[in-house]
Amino acid sequence: MENTRIKKNDNRIDYGVILPVFLLCLIGFASLYVALTNDPRNPSVGKTLGFQALWYVLGVIAIIVIMHIKSKWLWKLTPYIYGAGLLVMLGLLKFYDAGLADSTGSRNWLRFGSFTIQPSELMKIAFIMMLALVVTHHNVRHRDRDLKTDGLLIAKMLAVTIPVLVLVMLQKDFGTMLVFLAIFGGIFLMSGISWQIVIPVIAAFVLIGGGTIFLVTTDMGREFLYNVGFKEYQFARIDSWLDPFHDTQGQSFQLAYALMAIGSGGMFGKGFNVSDVYVPVRESDMIFSVIGENFGFVGSAFVILLYFILIYRMIRVCFDTNNEFYAYLATGIIMMILFHVFENIGANIGLLPLTGIPLPFISQGGSALLSNMIGIGLILSMRYQAESTPKTL
């Protein structure tokens, strides 16, 4: 009887999600070791690796705990988690870490002694949960959809989203704001809103995107952006994206040398723990340059393949679940991880401007890692709790 129960629980654990995450974490820890040991400006290699290992352990614990939480409890806790997240984000406007704000340009860090945390990373999960709750609750109450009910749903989603975006903008964290917009966009498209609304919205975003490119590439546009609050470091990142080698000893140093590091890896890389090209702050945003230099095109492609497998497995879970709340949770988590991967790797190879977005499960950073692990825990709970959750909430 006990063996039957173990096998039954074992079948509810999605190893197709666990395996790529495990491999990405191993690659991340090894890459972090290379980045730190070859950085003369980082004397505390053991301490940093120890903290990262601790975050991995905390992430695993979070996955195990979340897997065992039933959807009805997630449903009940979501408004409180979202509200608490907003309060922390609001408090951060005054109690942010001044030192990190001066070095990064963003007021998005809290410091407790030598320990730092980025609340906006954890807020991503709270935001996903709240959007999923709002959309599910609306769709259950309005089975007969029309443009009026769709307009009401959009208003509800914006009511959840706008406070978060305002707080992130006040923290001067443009990259994180883009992640929240990507999450919103994914759930918006999956929410069942009529294409009579979706198509004009997509067209509007295309026009906004084109307008943004015009603004950042013209003197008149840049003057406008500067007047509305853009900072010099943001323009510097854009200039580095447009021409990575225009100032290799100044503003574009990081991206230019990251490109050289990746290019020097060739097809199979130079081998583990070889770092002939110095890239500053390589352990976080530019960690993909370590993979490119050490393991070349083949190793880089393998990492991207692992992300594709992970995204595919999460999409399968999304479509397999009979729980609407879970489906929207999965959509938000998929968009969060997918956008992080797309933006980080795109920035490392010069396709996109640098925005300070970490590479999931690989870059140094406990807040982002814990957020991603919580997301994976929610994905795994969808299958693990499948037998005990109703089709609708």
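The name recorded for the protein chain in an unreviewed UniProt entry is Rod shape determining protein RodA, from Enterococcus saccharolyticus 30_1. You can read under Subcellular location (unreviewed entry) in the UniProt record for the protein chain the words "Membrane".

Participant: Describe in detail the packing of helix 2 (residues 15-37) against helix 13 (residues 287-320), supporting the description with residues and values.
Facilitator: Interhelical geometry of helix 2 versus helix 13 gives an angle of 160° and a closest axis separation of 9 Å. On the basis of the axis angle, helix 2 is roughly antiparallel to helix 13. Note on packing geometry: the crossing formed by helix 2 with helix 13 is left-handed. Between helix 2 and helix 13, the contacting residues are Gly16, Val17, Pro20, Val21, Leu23, Leu24, Ile27, Ser31, Leu32, Val34 and Ala35 on the first element and Ile287, Val290, Ile291, Asn294, Phe302, Val303, Leu306, Tyr307, Ile309, Leu310 and Arg313 on the second.

Participant: Give a description of the domain arrangement of the protein chain that names residues and reports values.
Facilitator: The domain boundaries assigned to the protein chain delineate domain 1 (12-67 + 237-381), domain 2 (74-190) and domain 3 (193-229). Computed from C-alpha atoms alone, the centre-to-centre distance between domain 1 and domain 2 is 22 Å. Opposite the 24 residues of domain 1 that make contact, domain 2 presents 28 residues. Of the roughly 2400 Å² buried between domain 1 and domain 2 on both sides combined, carbon and sulfur atoms contribute 78%. If you sort the residues of domain 1 by the area they bury against domain 2, Phe325, Tyr328 and Ser367 come out on top, with a joint share of 28%. Inspection of the region where domain 1 meets domain 2 yields zero salt bridges. At the boundary of domain 1 and domain 2, one finds five residue pairs in polar contact (both at pLDDT 80 or more). Secondary structure elements with two or more residues in the side of domain 1 that touches domain 2: helix 3 (45-67), helix 14 (324-348) and helix 15 (366-384).

Calculation criteria
Residues numbered from 1 in each chain as written. Predicted model: local features only at pLDDT ≥ 70, side-chain atom pairs only at ≥ 80, totals over all residues. Heavy atoms only, no water. UniProt positions renumbered as here; feature names shortened; annotations may be inferred. Axes fitted to C-alpha atoms, helices over the stretch in contact; angles between N-to-C directions. Helix = DSSP H or I, 4+ residues; strand = E, 2+ residues; numbered from the N terminus. Parallel < 35°, antiparallel > 145°, perpendicular 65-115°, else oblique. Left-handed = near helix turned anticlockwise from the far one by under 90°. Contact = heavy atoms within 4.5 Å. Domains from an automatic or database assignment. Buried area = accessible area lost by both parts, 1.4 Å probe. Salt bridge = Lys/Arg side-chain N within 4 Å of Asp/Glu carboxyl O. Polar contact = N/O pair within 3.5 Å; in protein donor to acceptor, adjacent residues only side chain to side chain.

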